[in-house]
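Residue-level structure breakdown
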Amino acid sequence: MLESVMSLMEGFSVAISPMNILYCFIGCFVGMLVGVLPGIGPTEATALLIPLTFGMEPVSAIIMLAGIYYGGMYGGTITSVLINTPGEAASVITCLDGYPLAKQGRAGVALKVAAVGSFVGGLISIIGLALIAPPLAEFALRFGPTEMFALLVFGMSMVVGLMGKSLVRGLVAVFIGLLLALVGMDPVSGRIRYAFGVNQLVSGLDLVTICMGLFGLSEILVGMENLYIHNKTSSVNSSRLEKGEMRPTVMSIIRGSFLGFFMGLIPGTSSAIPALISYSMEKRLSKHPEKFGKGAVEGVAGPETANNSYVGGAMIPLFTLGIPCSPTIAILMGAFMMHGLTPGPTLFIESPIVVWGTIASMFIGNVILLIMNWPLAGAWAKVANIPNKLLYPVVLIIAMLGAYTVSNSLFEIGVMLVFGIIGYVLKKLEIPMAPIVLVYVLSEMIERSLLQSLKINKGFSGLYSSPIALGFLIAAVLILVLSLYAEFRNKKTDFLNDSDG
Amino acid sequence: MEKVRKSYVLFMAVVITALVFAGFSSVSAEFPEHEITIVVPFNAGGASDMTSRIIATGLQEELGQTVLVVNKPGGSGGVGMSEVRASKPDGYTISYIPVEIVMHETLELSDIVIEDFDYIGQMTLVPAALTVPADAPYETVQDFIDYAKEHPGEVTIGNSGAGSIWHIAATLLGEQAGVEFNNIMFDGAAPAVTALMGGHIDAVTVNSGEVLSGVQAGKLKILAIMTEERDPAMPDVPTMVESGFDVIIGGWGALGVPKGTPAEVLEKLSAALEKATATKEFSDFITQRGMIVHYSNTADFAVFIEEQSEFFTNLLSNMELGG
Amino acid sequence: MSGFGNRFTSWLKKQNAGLFFSILFILFSIFFLIVSFDYPYSTKFGIGPGFFPRWVSILAILVGVFYLISSVTKDKFIFGETFPDKQALKSVALVVIGIAVFILIANTTGFVIASSLLLFSIFIRQYNWWQSILLAIVVTVICFLIFKKGFSVPLPVNPWGF
């Protein structure tokens with residue numbers, strides 16, 4: 001353990017050389033920029049910067065690429081908060097409370113809290129990485145297909161039970177997501193389903209396009225209803241936490257840090273899952289659950305922290321077992337290999353400087369983002385003050401470009417238009433849209449892990465013979481029952497309090 | 001006024017960045033004019049992904065353009081390959097072509113046939129290895145088979161997808177040894193190896209390179225490799241034939257572009273591939289990962305893939321795997 | 001507006017939008033269920049590609065029925081109260097049509113012209129004509145530079161390259 005701390009110090013001495021800080025800064029800056037532009041993700045940005053990393057030291061190259069990733073994540077947060085358009089699955093949750101905050105003129109708060117949360121989450125997961133990595137990685141391996149399926153069902157029940165006002169409308173959203181995800185290649189046998197001979201549907205509908213449509217375009221359509229009314233951005237425009245918000249926010253950041261870290265250890269998860277679970281957890285624990293969805297600061301802080309500390313946790317299986325846990329880590333792994341380094345247990349022994357340099361630079365990347373965004377948060381928040389009549393058309397074109405970029409075809413813009421209209425109708429009917437997107441992301445994993453579990457155990461026996469799986473499934477049922485109960489109870493109080501009906 | 005100035009600053013920042021980026025893209029009339037994408041139809045971290053990433057850096061040097069690697073996993077390679085097949089035949093979208101392409105039609109995995117692509121050339125041979133957890137009660141292939149005979153249909157073997165070469169390797173071993181395995185499909189070799197490490201399955205029959213870090217970590221052991229001769233990188237591991245089972249099977253990796261790509265583009269890519277496979281970095285990289293460097297050009301590979309198609313179609317129909 | 005049109009509108013305004021949507025959702029799920037029979041429920045490798053779609057669509061139909069019941073008995077969303085007035089709906093429809101037109105013409109006219117037209121059609125409702133033209137072109141050109149030049153996105157262009 002002391003050894004790890006020493007190595008980490010050594011890593012820091014590499015990472016804080018002026019050149020490496022510069023690379024880290026470039027990475028963060030470019031990442032943030034592409035994060036704000038929809039459709040162009042960290043992968044494309046990495047590719048753009050690859051020519052620059054030639055001739056660089058491996059450590060510097062990886063530092064810059066990690067910077068892009070962090071910057072990109074934060075950029076996604078910015079668009080979620082300001083224009084209610086998540087660029088990736090992990091920031092779908094951020095929309096739920098980030099956007100209402102922005103509407104109240106408190107976008108600055110949301111952005112600052114997200115930056116601080118990311119920083120703390122990153123810090124705690126790095127400490128965890130340095131201190132307790134190997135035994136945890138061992139434990140995480142106990143998550144096989146069966147446990148994974150149970151975890152996903154648990155995650156889904158969280159989505160339904162704790163989001164939106166009505167259980168049945170939440171379920172409708174979940175099943176819209178599940179049905180849509182069936183389109184395209186079957187993840188197990190490779191059979192093409194529900195494509196009806198349309199070439200673009202063979203690989204399924206694209207998540208970015210769906211997000212742009214359901215969240216971005218539908219928001220614009222609602223805005224178009226009354227473009228002539230000036231936006232009522234409140235004059236508050238504060239980027240400070242109010243009294244009484246401090247404590248829950250700090251607590252949510254701490255809880256999010258640990259949650260994200262442990263979720264990162266589990267192979268095959270995605271950063272959307274810790275964000276989702278953190279949000280539900282905060283809502284459960286909050287003294288004012290009714291504020292969630294209307295601008296609760298904890299609703300931004302917790303998930304943003306969790307999806308950041310997730311990355312640190314996900315580094316552990318990579319470094320100790322050579323397993324890339326998430327797509328992002330896989331990209332980093334690619335970067336390692338391009339520079340002739342094999343991820344896995346030997347990496348610690350053969351190139352400790354690179355490993356610890358990278359870990360240290362992840363930390364420094366977070367510091368840079370924090371420094372960059374503290375003053376910038378206010379500036380970004382001003383975007384929310386641009387009059388709608390100017391902002392909406394601009395966002396519309398950018399969203400269309402983002403969808404186009406997905407497959408470089410106008411077909412995607414058409415798909416986005418369809419989802420925009422669907423999203424508009426769903427908004428009116430108060431069917432929550434976050435579950436659609438989240439379930440859509442998880443669906444492939446759900447189907448695959450279910451089929452694998454059924455085949456390994458020759459039936460459903462795995463679901464009750466594995467204590468981990470059984471635990472998750474019981475929790476899932478409990479959540480559904482509890483939220484059904486809560487719904488009925490709230491209905492009654494609603495009737496009592498609300499004389500307007 | 002304050003508001004106006006800030007948005008002006010923001011606007012300028014966007015414009016300047018745009019100009020900086022504009023500077024990156026060089027202008028030339030000849031292929032390649034802009035970046036090239038290699039689509040890997042499997043998860044990041046697997047053998048095909050690693051090969052593509054290292055070859056991308058080599059091609060990049062030869063062609064003077066960025067070569068991106070994108071993972072489109074799913075459907076035993078079907079998702080990624082269909083996407084490339086549907087793309088413009090201009091040489092800018094390349095698919096990593098795994099051995100599985102010759103089986104897609106027979107196994108009804110997808111409607112992909114070998115005629116859908118023009119081939120830039122072959123890069124690697126990928127041997128299969130039977131790997132089990134380090135604490136498993138069997139030390140040799142014979143022990144393993146005996147165990148499987150005592151527990152018919154219960155021994156689970158992970159592979160990288162229905163009809164993947166590793167799935168066929170396991171089935172072929174089962175046929176030769178007269179036992180029945182329970183084959184579990186994963187979406188790539190890496191998740192299968194992860195499940196093996198966690199003890200959720202009993203064995204994997206994936207490429208030896210995929211299990212190397214697990215072996216080094218002391219979590220896994222290789223019982224035999226399915227090549228003709230022992231791998232010099234692992235001289236202690238016996239071949240399947242030495243262990244008494246006549247199983248020689250392996251994969252290979254090639255690069256292909258959609259049918260109808262102009263001949264001069266194909267030639268240029270093929271020449272670049274030949275140079276990129278000849279570098280020391282590439283051969284070090286490939287050998288370390290339990291694979292074998294094997295370049296063959298467009299014409300030779302066209303003959304080879306025909307033979308492979310025939311070999312596997314026969315094998316599959318004999319094994320009654322084929323549809 | 002004809003008498004029939006008016007009568008239809010006022011009839012529609014009183015209808016339960018939740019009920020309409022739940023029926024649509026059930027039909028959508030039934031469609032998925034029917035198509036799922038095209039995919040084998042089990043294969044020689046074990047459970048087939050039809051298994052998951054079958055059960056998901058059956059469950060979806062059940063959820064749809066619950067939704068239908070609850071939208072009739074509990075949470076009613078009447079069209080007239082849920083959706084805005086005709087004027088507002090018209091301006092929403094105009095944007096939708098504008099995007100559709102963009103998709104149809106962009107490959108011929110190129111991105112710059114198609115996007116400028118779309119933006120102009122929206123801006124003109126709030127700004128005067130020269131402001132609208134200026135804004136439409138400036139926004140389009142900036143986007144074009146960033147995506148086309150900066151990120152090498154192959155945006156549709158006309159023979160003159162824009």
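Since the structure is predicted, the reported quantities are computational estimates derived from the model, not experimental observations.

About the thresholds
- The residue numbers shown here count from 1 along each chain, following its written sequence.
- As a convention, the first chain written is A and the first ligand written is 1, with the rest following in written order.
- Local features in this predicted model are restricted to residues of pLDDT 70 or higher, and side-chain atom pairs are both shown and tallied only at a pLDDT of 80 or more, whereas totals for entire chains, interfaces and linings draw on every residue.
- A run of DSSP states H or I qualifies as a helix once it reaches four residues; a run of E qualifies as a strand once it reaches two. Both are numbered from the N-terminal end.
- Contact definition: two residues whose C-beta atoms, as placed from backbone geometry, lie within 7 Å.
- Neighbour density around each residue's C-beta defines its exposure: 20 or more other C-beta atoms within 10 Å make it buried, 12 or fewer make it exposed, and counts between make it partly exposed, where C-beta atoms are placed from the backbone.
- By construction, the arc corresponds to the directions joining the helix axis to the C-beta atoms.
- Fitted lines through C-alpha atoms serve as axes, helices being fitted only where they are in contact, and the angles separating the N-to-C directions of these axes extend from 0 to 180 degrees.
- For this classification, under 35 degrees means roughly parallel, over 145 means roughly antiparallel, 65 to 115 means roughly perpendicular, and everything else is oblique.
- Handedness of a helix crossing follows the sense of rotation of the near helix relative to the far helix, less than a right angle counterclockwise being left-handed and clockwise being right-handed.
- Residues are sorted three ways: Asp, Glu, Lys and Arg are charged, Ala, Val, Leu, Ile, Met, Phe, Trp, Tyr, Cys and Pro are nonpolar, and all the rest, Gly among them, are polar.
- Note: two strands are recorded as paired if DSSP finds a minimum of 2 bridges between them.
- The crossover handedness rule: strands pointing away from the viewer, path from first strand over the helix to second strand clockwise, crossover right-handed.
- Per-residue confidence from the prediction method is given by pLDDT, with values spanning 0 to 100.
- By convention here, the domain bounds are inherited from an automatic or database domain assignment.
- Any set of buried Ala, Val, Leu, Ile, Met, Phe, Trp, Tyr and Cys residues joined through C-beta atoms within 7 Å is what this text calls a nonpolar core.

**Some thoughts on the overall build of chain C**
The number of helices and strands found in chain C is 7 helices and 2 strands. Its C-alpha atoms put chain C at 55 × 55 × 25 Å along the principal axes. Long-range contacts, defined as pairs at least 24 residues apart, comprise 57% of the intrachain contacts of chain C with a sequence gap of at least 6.

**Let's talk about the overall build of chain B**
Helix and strand counts for chain B come out as 10 helices and 11 strands. Split into buried and exposed, the 323 residues of chain B put 55% on the buried side. Within chain B, contacts between residues separated by at least 24 positions form 75% of all contacts whose residues are at least 6 apart in sequence.

**A short note on helix α9 (residues 280-288) of chain B**
Note: α-helices contain 3.6 residues per turn, so residues at a spacing of three or four share the same orientation. All names here are of chain B. Residues of α9 that are buried include every one of F282, F285 and I286, and no others. The buried residues of α9 all sit within an arc of 95 degrees when viewed along its axis, so they share a single face. If you follow the buried residues of α9, they end up packed against α2 (47-63), β4 (117-127), α8 (263-278) and β11 (292-296).

**Quick word on the packing of helix α8 (residues 167-181) of chain A against helix α3 (residues 51-73) of chain C**
Where α8(A) meets α3(C), the closest approach of the two axes is 9 Å, and the angle between their N-to-C directions is 150 degrees. By the angle between their axes, α8(A) is roughly antiparallel relative to α3(C). Crossing of α8(A) against α3(C): the hand is left-handed. Mapping the contact onto sequence places A:V168, A:R169, A:L171, A:V172, A:F175, A:L178 and A:L179 in α8(A) and C:V56, C:S57, C:L59, C:A60, C:V63, C:F66, C:Y67 and C:S70 in α3(C). Its residues placed into classes, the contact of α8(A) with α3(C) shows 12 nonpolar, 2 polar and 1 charged.

**Some thoughts on the interface of chain C and chain A**
Counting from both sides, the interface comprises 51 residues of chain C and, opposite them, 42 residues of chain A. Partitioned by chemical class, the residues of the side of chain C that touches chain A number 37 nonpolar, 12 polar and 2 charged.

**Observations concerning the environment of B:K259**
All names here are of chain B. Mapped onto the fold, K259 is located in the loop between β10 (250-258) and α8. Between the alpha carbons of K259 and F117 there is a distance of 4.4 Å; along the sequence they are 142 residues apart. If near-sequence neighbours (up to four positions away) are discounted, K259 is found in contact with P89, E115, D116, F117 and D118.

**Here we look at the pairing of strand β7 (residues 182-185) of chain B**
All names here are of chain B. The alternating pattern of β7 places N182 and I184 on one face and N183 and M185 on the opposite face, and all of these are buried. The pairing of strand β6 (residues 156-159) with β7 spans 4 bridges and is classified as parallel. Bridging from a neighbouring strand, N159 pairs with M185 of β7. In this view, the connection linking β6 to its parallel neighbour β7 by way of helix α5 (residues 165-177) has right-handed handedness.

**Concerning the confidence of the model for chain B**
Put simply, chain B has an average pLDDT of 83, and 88% of its residues get 70 or more. Across residues 18-28 of chain B, confidence stays below pLDDT 50; counting only partners more than four residues off in sequence or on other chains, it has 15 contacts.

**Here's the deal with unusual backbone geometry**
Glycine aside, negative phi is the norm for most residues, and most peptide bonds take the trans geometry. Residues and elements named next belong to chain A. The residue E430 is not glycine, and still its phi comes out positive at about 55 degrees. Position of E430 relative to the elements: it lies in the loop between α17 (410-428) and α18 (434-456). The phi angle at K458 is positive, at roughly 50 degrees, despite the residue not being glycine. You can see K458 is positioned in the loop between α18 and α19 (461-465). Using a count of 13 C-beta atoms within 10 Å as the deciding quantity, one classes K458 as partly exposed.

**With respect to the pairing of strand β1 (residues 36-40) of chain B**
All names here are of chain B. The element β1 is largely enclosed, with a buried count of 4 among its 5 residues. Pairing analysis gives 5 bridges linking β1 to strand β2 (residues 67-71), with the strands arranged parallel. Note on β2: the bridge partner recorded for I36 is V67. In the sheet, β1 pairs with strand β3 (residues 93-98) via 3 bridges, with the strands oriented parallel. For V39, the partnering residue across the bridge sits in β3 and is S95.

**Some words on helix α4 (residues 141-150) of chain B**
All names here are of chain B. Residues of α4 that are buried include every one of V141, F144, I145 and A148, and no others. With its buried residues spanning 95 degrees around the axis, α4 presents them on a single face. Buried positions along α4 lie against β5 (129-133), α5 and β9 (220-225).

**Side note on the sheet that holds β3(B)**
Residues and elements named next belong to chain B. Taken in spatial order, the 6 strands of this open sheet run β2-β1-β3-β10-β4-β11, and their pairing is mixed. The open sheet terminates on both sides in strands that have one partner only, identified here as β2 and β11. Neighbour-to-neighbour, the strand axes of the sheet open up by a mean angle of 25 degrees, direction not taken into account. Across the sheet, α8 touches β4, β10 and β11, and the angle it forms with β4 is around 20 degrees.

**Some remarks on the packing of helix α4 (residues 58-83) of chain A against helix α15 (residues 352-383) of chain A**
Residues and elements named next belong to chain A. Where α4 meets α15, the closest approach of the two axes is 8 Å, and the angle between their N-to-C directions is 30 degrees. In terms of orientation, α4 and α15 fall into the roughly parallel class. When the axes of α4 and α15 are compared, the crossing they make is right-handed. Judged by residue contacts, P58, V59, I62, I63, A66, G67, Y70, G71, Y74, I78 and L82 of α4 engage I353, V354, G357, T358, S361, M362, G365, N366, L369, N373, W380 and V383 from α15. Grouping the amino acids of the contact of α4 with α15 by side-chain chemistry returns 15 nonpolar, 8 polar and no charged.

**Some details on the domain arrangement of chain B**
Here chain B is described as being made up of domain 1 (36-125 + 251-318) and domain 2 (129-225). Looking at the side of domain 1 of chain B that touches domain 2 of chain B residue by residue, the classes come out as 8 nonpolar, 7 polar and 2 charged.

**Some points on the environment of C:W129**
Residues and elements named next belong to chain C. Relative to the helices and strands, W129 resides in helix α7 (residues 129-150). For W129, a count of 10 C-beta atoms within 10 Å translates into the label exposed. Sequence-wise, W129 and I23 are 106 residues apart; in three dimensions their C-alpha atoms are separated by 45 Å.

**What to know about the nonpolar core**
Grouped burial of nonpolar side chains is what soluble globular proteins tend to show. One finds A:A110, A:L111, A:V172, A:L276, A:V437, A:L438 and B:A169 to be the most contacted residues of the largest nonpolar core, which totals 294 residues. With 16 residues, α4(A) is the single largest residue contributor to this core. Discounting residues that sit within four places of it in the chain, A:L276 has contacts with A:I93, A:G155, A:M158, A:V159 and A:L438.

**Section: the environment of A:E282**
Residue and element names in this part refer to chain A. Within the secondary structure layout, E282 lies in helix α11 (residues 272-285). Classification of E282 as buried rests on a count of 28 C-beta atoms within 10 Å. Here the alpha-carbon distance between E282 and S252, two residues 30 residues apart in the chain, equals 6.5 Å. Among residues more than four places away in sequence, those in contact with E282 are S252, E298, G299 and G302.

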